[in-house]
Amino acid sequence: MNTKFLNRARYSRSLRTPIVICLLCCVVAFMAFTLNDNNLKAAGNKALPLIEKDSIASLKAFNQVYTVLMSARCMNCHPSGNVPLQGDDNHLHTMLPKRGQDGKGLYALKCANCHQPTNTPGLHTPPGNPNWHLPPANMRMVFQGRTPRQLAKQLIDPNQNGHKDMKKLIEHADDGLVLAAWNPGEGRTLPPMSHAAFKKAWLTWLNNGAYAPAK
Amino acid sequence: MEKTNTNFNRRAFLKASAIAGGGLMLHFSALAKFGLAERGIDNAAEWHELTGYIKITPDNAIKIICPNPEFGQNVMTSLPMMVAEELDVDWKKVVVEMGPHDNTKLGPQFTGGSNSMRMYWKPLRQAGAAARNMLMQAAAQSWAVPIEEITTKAGEIYHEKSGKKGVYGDFATKASAIPVPKDVKVKDVKTFNVVRHSQKNVEGAKIVSGKPLFGLDYKHEGMLIAMPVHPPAFGMKLKSFDASQALKMPGIKDVFTIKLFEDGFELGGFDTRTFNVILAVVGKTTWEVMQARRKLIVEWEPAGDTKDTMQGHGGKREVIVPGELESTEKQMEKMREYAAKPAQVLRKDGDPETAFKNAAQVIERTYNAPFLAHNCMEPMNFFAHVTDDKALLVGPLQAPGWTEPTLSKVLKLSPDKIEIQMTRMGGGFGRRAYGHYLVEAALISKQAKAPVKLIYSREDDATYGIYRPMYTATYRAALDANKNLIAFHVKGGGIPENAVHQNRFPAGAIDNYLAEGWEIASNITIGAFRAPRSNFAAAAEQSFLDELAEAMGKDPIDFRLELLKRAKENPVGKNNEYDADRYAGVIKLVKEKSGWNGPEQKQFHRGVAAYFCHNSYAAHVVDMTTKDGQPYVERVFSAIDCGIVINPDAATNMVQGAVVDGIGNSLYGGLTHKDGVVVQNNFHSYRIIRMHEAPKKVEVHFVQNDIDPTGLGEPPFPPVFGAVANALYKSTGKRYYQQPFSSPQPEIPNV
Amino acid sequence: MITLNINKKTYNIDADPETPLLWVLRDHVGLVGTKFGCGVAQCGACVVHLDGEAVRSCVTRINRAVGKKVVTIEGLSEKNDHPLQKAWLELDVSQCGYCQAGQIMSAAVLLKENKNPTDQDINDAMAGNICRCGTYLRIRDAIHLASELQKKGNAGL
């Protein structure tokens, strides 16, 4: 979406109405290119229901979702390689624990060996969650390096998102591991917005057509 | 059979005594020369009494006491091996025991400076040979035969003519009454059965089965645990504390301050302490004390400039300890500033100024390295039980003899009332030569009126100081129009001291040579770190020689050998601190064993470096590849000349370990400061090399000669840094001037 | 009172359930083979087995160990003759020795799950155990040797 059109500083109020109309036309044109089959299936019919799908709201919400998913507390366990990331600077997790087949680590460096059901007290100690693991090797759910477009499409594709349909995707906002990002243990920064704000953005994105941005 | 040389003066004698229940216990009092080649320690004429214990029971049990405490170089095996060799016993039957602190009977008892083998070689052989001789005399008397007809073999005694035989134990009691011989023959080094053969670590089985061995493992009845609370930054001191919450915590006995030294206390070289006043939390168990520490409310304040009184050769002197809260960027700035100022001339040969003025080409490079923390795997700790009339201290310590006088003064107890027992150390690297933590443990015990084990957490330890200094050095070389090297200049500095060894190679090989040094005072405490000064000097110098060789169009090995040839045949100046032949020897050996220029080496990026320090010579060829996008040292070839190799496999282990340590420290090691606070306070941020970063192969070769053994703890370490830098150049096309090499490098080489 | 099963023995520990297992082993039970190196699960000196998995006892609170089997270096084998222990001695691995108990405990999990570990497997399993003395090459060789011994049913050494 070309946000230049929405820049109030550049255009006087009198031009707003024609601009909005232009916008809506652009959006229509856009939808023809950005909707994929799954969106249509989720929509349940062949026509594009302009009233129920709000691509502007959806994409705006996804911008927010993207900042959260690409923040350290989420992205660190969705690495592009087979070693989790660590820290606000996303460095490779010290001692290079490996994903393994099931995402739960290997040998003496299985995730749950150190990452216990709850956070370990103190600074620089392992944070905890009963379900600590990386995505499995056959569905790696990589966030690191994904553009907003790539990530959005990946998230709603059941073949890439852990076989989630729309219902499960919506529930995922309250998943234990997702919630853990907001309880990361002493000394770690939180995602860029509260969980409530994230959940709202997540649902807005999904419920308004789960659009993927142009890039 | 050689006679021992006249290293022993006329006061040399052996004392023997009987053990209760029969048997022979031999103390050997002799005066043996030991010299530590490092700066600040008298090289020439320090004589110390040495004693080794050999205990033999009538049942023929043989016990040999190790005088030096152990931190991984396996002195507990090598030193008794020397005794056992000359004693002529079956090594497999020998039991080794760590000796108590007793400098009268056991000698200097300092493990460090790569000195154990060198210092104890002659005295321990003497002890073994003398004891054997006495046993033979005893047998000769018992059997009424001439001693010339007596032979021994592995603890057994024979009179072949008559067929009589016995074991040492049979004669131990009788031998203890025999006057000790003054002039004892020792074996020809070519006939050794024990020494020069690989023997297993005498404590190996205990290590792999988890037996209590280390200071941290020591237990004493009624023992309490104490942990320190020290200022969070260099240059800070305690202002106030509120222990009311901490004292309410379960298991806590007391919280108080201790002051190590009164004003004006004359500090010796190993009395270094970063903080003179610290808090101590004392309780029943470690975890309870750790929890209680978190409840302390402590206020710190800048200490400002302070004054320390140092012992000195010419009498005491006062030093100002600056109060600045230092940060790394500012330190670097200050170093650049000082590097431009005039410095102290440490050596000058010929006329370097003119040579540089007339040079066709001048190459100048500056090298930098950060503070390094020792980070021994076992954090600092010591047990102390101090009462009004005596003190017992037990724990990991490299040199009890250097801390006992300090304890004596602080506790106001005479040395004979102070007993120090040395446990095995989980690493030393020089850190545990500084006994501040014994003084702390003793004062805490005294105040708590209880036996106390003082334990440092990793953060306490990593931020305490006594680091390897921060160093810089600028090297300049002058080439003439034919690319001959006509002058060489090193100007080195550091916080708080420089790393210049002015009499080491290439001094002696270049007509016009200048070495200068400067330093910047600091409140950041420093101490010996595995090959002090050398561990930086080798890195900088060996990188520079590599770059110089390239500028001159020479192979780096050929270039070094050319210089060494000059140093041998027509040396420049005096006091050249190395044997050019032996230095060239290790370079030639590593060239051969690594197949230096062979075609099959093309897949590797090779770097070479060599160095002499602590009386031994080492050269490495480092072969680098790229793994997962990172430079990886895949293999290393090492050539070492340390004279007679006492325990070949253990010596190989030492060299391999030094190589791994060198790779790790050169690539990753280092810490920074921010307003006096050490940023890297545990292993999540202070990076130590790990298994996957260690080479696949480190092939070690020793020069075979019969020279009296010199050390191995340090010498292989420094040149590794240079070889890694040189390999990185081949690997990346860039030269590396800033350690650790994984950190951002300066854009352009300076000039 | 917390009841723990350590090396096949039962212990009643009078300690806060939040106490790390490391300090209970060392201070309460008197098993000092498990070492303290960093306290933040970075160095591996404190590795013990909890129901067969390699946990870092410095961050594992004893309430996690209730109802489970704890095995320390002292209990790894009946007669200190686990193939790893034998291999460690055969190849004279240790220098200072402080890290080695943790190294062996981590390696034991590797050998249980992988009878033929490659160098890469060893890296994957052992990169969490720091050795400041640099004995990694020997540790690697000893793990290979131990896997051979394991196949021979511990015979041959």
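Conventions and cut-offs
- Residues numbered from 1 in each chain as written.
- Chains lettered and ligands numbered in written order.
- Predicted model: local features only at pLDDT ≥ 70, side-chain atom pairs only at ≥ 80, totals over all residues.
- Heavy atoms only, no water.
- Patch = residues over 30% accessible without salt bridge, like charges linked within 9 Å, V, L, I, M, F, W, Y side chains within 5 Å.
- Areas by Shrake-Rupley, 256 points an atom, 1.4 Å probe, with all protein chains shown as cover.
- Salt bridge = Lys/Arg side-chain N within 4 Å of Asp/Glu carboxyl O.
- Lys, Arg positive; Asp, Glu negative; His and termini not counted.
- Charge placed at Lys NZ, Arg CZ, Asp CG, Glu CD.
- Helix = DSSP H or I, 4+ residues; strand = E, 2+ residues; numbered from the N terminus.
- Pairing = 2+ DSSP bridges.
- Contact = heavy atoms within 4.5 Å.
- Buried area = accessible area lost by both parts, 1.4 Å probe.
- Polar contact = N/O pair within 3.5 Å; in protein donor to acceptor, adjacent residues only side chain to side chain.
- Axes fitted to C-alpha atoms, helices over the stretch in contact; angles between N-to-C directions.
- Domains from an automatic or database assignment.
- Buried < 20%, exposed > 50% of the residue type's maximum accessible area, 1.4 Å probe, protein only.

Undergrad: Looking at this structure, I do not really get a negative patch on the surface. What am I missing?
TA: Together, E329, E333, E337 and D675 of chain B give the surface a local cluster of negative charge. Here E333 of chain B is to be found in helix α8 (residues 328–339).

Undergrad: Would you mind showing me how to read the pairing of strand β19 (residues 317–321) of chain B here?
TA: Looking down a regular strand, the side chains alternate between one sheet face and the other. Residues and elements named next belong to chain B. Relative to β19, strand β18 (residues 306–310) is paired through five bridges, and the arrangement is antiparallel. Its bridge partner lying in β19, T309 is registered against E318. Where β18 folds back onto β19 in an antiparallel hairpin, the turn is made up of six residues, including G315, whose phi is positive at roughly 115 degrees.

Undergrad: Which parts of the structure should I look at to understand the interface of chain B and chain C?
TA: Where interface size is given, it is often the accessible area lost as the parts come together that is meant. At the interface, 61 residues of chain B touch 50 residues of chain C. Among the residues of chain B in contact with chain C, V208, M377 and M691 of chain B are the three that bury the most area, contributing 18% of the side total. At the surface where chain B touches chain C, the tally comes to four salt bridges. Taking the shortest distance from any N to any O, the salt bridge between K35 of chain C and D217 of chain B comes out at 2.7 Å. At the boundary of chain B and chain C, one finds 25 residue pairs in polar contact (both at pLDDT 80 or more). At the level of elements, α5 (204–208), α7 (286–293), α12 (458–462), α16 (648–667) and β34 (697–702) of chain B are the ones that each hand at least two residues to the side of chain B that touches chain C.

Undergrad: Which parts of the structure should I look at to understand the sheet that holds strand β2 (residues 9–13) of chain C?
TA: Whether parallel or antiparallel, the strands of a sheet pair through hydrogen bonds between backbone atoms. All names here are of chain C. Ordered by their spatial adjacency, five strands build an open sheet running β2-β1-β5-β3-β4, and the pairing between neighbours is mixed. The strands lining the two open edges of the sheet, one partner per strand, are β2 and β4 (53–56). This sheet shows a mean twist of 40 degrees between the axes of neighbouring strands, independent of strand direction. By the bridge criterion, four bridges tie strand β3 (residues 47–50) to β4 in an arrangement that is antiparallel. Of the residues in β4, the one forming a bridge with V48 is V55.

Undergrad: Help me out: how do you make sense of the domain arrangement of chain B in this one?
TA: Residues and elements named next belong to chain B. Annotation of chain B at the domain level lists domain 1 (13–208), domain 2 (215–307 + 380–455) and domain 3 (470–732). If you look at the interface, domain 1 gives 17 residues, while domain 2 gives 14 residues. The interface formed by domain 1 and domain 2 contains one salt bridge. Here E203 makes a salt bridge to R424, at a shortest N to O gap of 2.7 Å. Taken together, the links from domain 1 to domain 2 amount to five residue pairs in polar contact (both at pLDDT 80 or more).

Undergrad: What exactly am I supposed to notice about the side chain of S57 of chain C here?
TA: All names here are of chain C. You can see S57 is positioned in the loop between β4 and α2 (62–65). Residue S57 is classed as buried on the basis of its relative accessible area of 0%. With near-sequence residues (within four places) excluded, S57 lies in contact with P20, L21, L22, T34, C46 and V48.

Undergrad: Looking at this structure, how should I read the pattern of salt bridges?
TA: Applying the stated criterion across every chain, the model contains 53 salt bridges over all chains. For the salt bridge of E550 of chain B with R735 of chain B, the shortest nitrogen-to-oxygen distance reads 3.2 Å. You can see E550 of chain B sitting in helix α13 (residues 534–551) and its partner R735 of chain B sitting in the segment after α17 (718–732), a full 185 residues away along the chain. Ionic pairing is found between R606 of chain B and D623 of chain B, a salt bridge with its closest N-O pair at 2.6 Å. Of this pair, R606 of chain B sits in strand β29 (residues 605–613) while D623 of chain B sits in strand β30 (residues 616–627), placing them 17 residues apart in sequence. With respect to burial, R606 of chain B and D623 of chain B carry one shared label: buried. Connected via shared salt-bridge partners are K110 of chain A together with E53 and E113 of chain C.

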